[in-house]
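Understanding the architecture of this molecule
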Amino acid sequence: MKTTLVERTDRGAGETAMIIRRALRYMAPFRGELAVKMGLLVFSLLPMLVLPWPIRIVIDHVIGDTPIGAPIRPFPFFMRPVVDALVGASRETILLVAVSIEAFLLFGIGAFGTGGRERDTSEAYLSSGQDVATRTENEASAGFSLIGGLIGWFDFRWTMRLTQKLNHHYRTALFEKLQRLPLRTFDDERIGDAVYRVMYDTPAITNVSYRVLLTPVGAPMAILLTVSVLASVYGFESPVVLLAMGFLPAVLVATSPFAGIVRRTAAESRQAGAVTTSTVEEGMHNILAVQSLGGEARERGRFDRDSEDSFWRYRRNFGIGLFAILSAGLLGVALVAPVFLYVGDEIIDGRLSVGDIGVMIPSFAMVATASVDLGALWIQVQESSTGLGR
């Protein structure tokens, strides 16, 4: 019976889900390390809840004229001991305490602002090209953390080592299975394709494992914590909370139609990359024959054609993913604009203070970001699922 390496681009959603579930079994030997990573992820969310409130203190009670003992809106429970202790204090003392809190957070989590570009994160990646093969080195040793500082550095190092262990384990298991295949399989198939599967398809497990296992934990936790704090101060009926939560269905609706085409184009991109790798392997294997027969120009042209096709197919896959993101972004704009209008009107009417901008906008961004991560989870694993399928 002839044994061939499976080559498909028409996998459906159900089969893709089964492939992902099978791939997650390779995380089993590292469940302890993964539990630590999850713990670090959840812990990193807690300081982010504190970040906006010292800014509100400075805006309202140092720059503004609002007495710290009589704010327009109350402070959350974790800030009340600090606020109660500052009642009657001078503006200089209030400023010193607020700056000290932020300095402590800067040292511990590397954050000195309220989100986005002002928040320091920990990650490290090498420069890579615009195809699958040149990006896999980063995926095979990916390290990241939501925060910076000392805690973020530890989280980054822990994640990087976990990634390397996972990829080594996965590659080793695959290579052992390839060694047990009948020799006629490698006579029928191109050796470069097997090399591509072991070296470049396997790191796809990194993206899938972290997104599927960490996002359903971290994103809902971030939403729950942030919404709870906002609701304790501004009420559950606040449009800011409802609009931020609206990002989840918006992203899900906007990106889901693209899942199938992302899978197909990603599979074609990886197949084209495998062809390029096979061309290189065959050219090097037959280098003496090629040189003796004067076939260098022909082989170079063959490689150029395969390489160009590989880059084109990768760019097409990237472009489709970018279009899906832009489609979700258009819906996001429709949710962001009312937030600024609402906060502005509330400040003008005196129901919110100017300092509340420093709390509500970053909190909205945090809930929206977590909702986007959760809503886009399915489409974010599509490209990597094709590598696992191969």
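A brief structural summary.

Now for the overall build of the protein chain. Counting its regular elements, the protein chain contains 18 helices and 2 strands. Of all 390 residues assigned to the protein chain, the portion counted as buried reaches 46%. Sequence-distant contacts in the protein chain: of pairs separated by 6 or more residues, those separated by 24 or more amount to 81%. As presented, the protein chain carries roughly 19,500 Å² of accessible surface, and 65% of it is formed by carbon and sulfur atoms.

Let us look at the side chain of Thr16. By the element assignment, Thr16 lies in helix H1 (residues 13-24). The buried category is assigned to Thr16, whose relative accessible area is 1%. If we skip the residues at most four places from it in the chain, Thr16 touches Arg11, Arg263, Trp378, Gln382 and Ser385.

Here we come to the pattern of salt bridges. Taken as a whole, this structure holds 7 salt bridges when the rule is applied. The partner of Lys165 in a salt bridge is Glu33, and the shortest N-O contact between them spans 3.4 Å. In this pair, Lys165 sits in helix H7 (residues 149-179) while Glu33 sits in helix H2 (residues 31-50), placing the two residues 132 residues apart along the sequence. According to the relative accessible area criterion, Lys165 is partly exposed, its value standing at 36%. Linking Asp356 and Arg56 is a salt bridge whose minimum nitrogen-to-oxygen distance equals 3.5 Å. On the criterion of sequence distance, the pair formed by Asp356 in the loop between helix H15 (296-348) and helix H16 (357-375) and Arg56 in helix H3 (residues 52-63) is long-range, its members being 300 residues apart.

The next point concerns the environment of Phe311. Along the chain, Phe311 falls in helix H15. On the basis of relative accessibility, which here comes to 29%, the residue Phe311 falls in the partly exposed class.

Moving on to the environment of Val227. Relative to the elements of secondary structure, Val227 occurs in helix H10 (residues 204-234). Here the alpha-carbon distance between Val227 and Ser363, two residues 136 residues apart in the chain, equals 8.2 Å. In this view, Val227 contacts Phe236, Val241, Met245 and Val367; residues no more than four positions away in its chain are not counted.

Right, let's talk about the packing of aromatic side chains for a bit. All chains considered together, the criterion is met by 5 aromatic pairs. One cation-aromatic arrangement involves Lys37 over Phe144; the distance from NZ or CZ to the ring centre is 4.4 Å.

Counting 45 residues, the largest nonpolar core has Trp53, Ile57, Tyr234, Val339 and Phe364 as its most contacted members. Those residues in contact with Trp53, other than ones at most four positions away along the chain, are Phe75, Pro76, Phe78, Met79, Val229, Val233, Tyr234 and Val359. Listed in part, the 21 residues of the second largest apolar core include Ala173, Ala204, Leu377 and Val381.

Thresholds applied
Residues numbered from 1 in each chain as written. Predicted model: local features only at pLDDT ≥ 70, side-chain atom pairs only at ≥ 80, totals over all residues. Heavy atoms only, no water. Helix = DSSP H or I, 4+ residues; strand = E, 2+ residues; numbered from the N terminus. Buried < 20%, exposed > 50% of the residue type's maximum accessible area, 1.4 Å probe, protein only. Contact = heavy atoms within 4.5 Å. Areas by Shrake-Rupley, 256 points an atom, 1.4 Å probe, with all protein chains shown as cover. Salt bridge = Lys/Arg side-chain N within 4 Å of Asp/Glu carboxyl O. Phe/Tyr/Trp six-rings, centres within 6.5 Å; stacked < 30°, edge-to-face > 60°. Lys NZ or Arg CZ within 6 Å of the ring centre and 35° of its normal. Core = buried A, V, L, I, M, F, W, Y, C linked by side-chain atoms within 4.5 Å.

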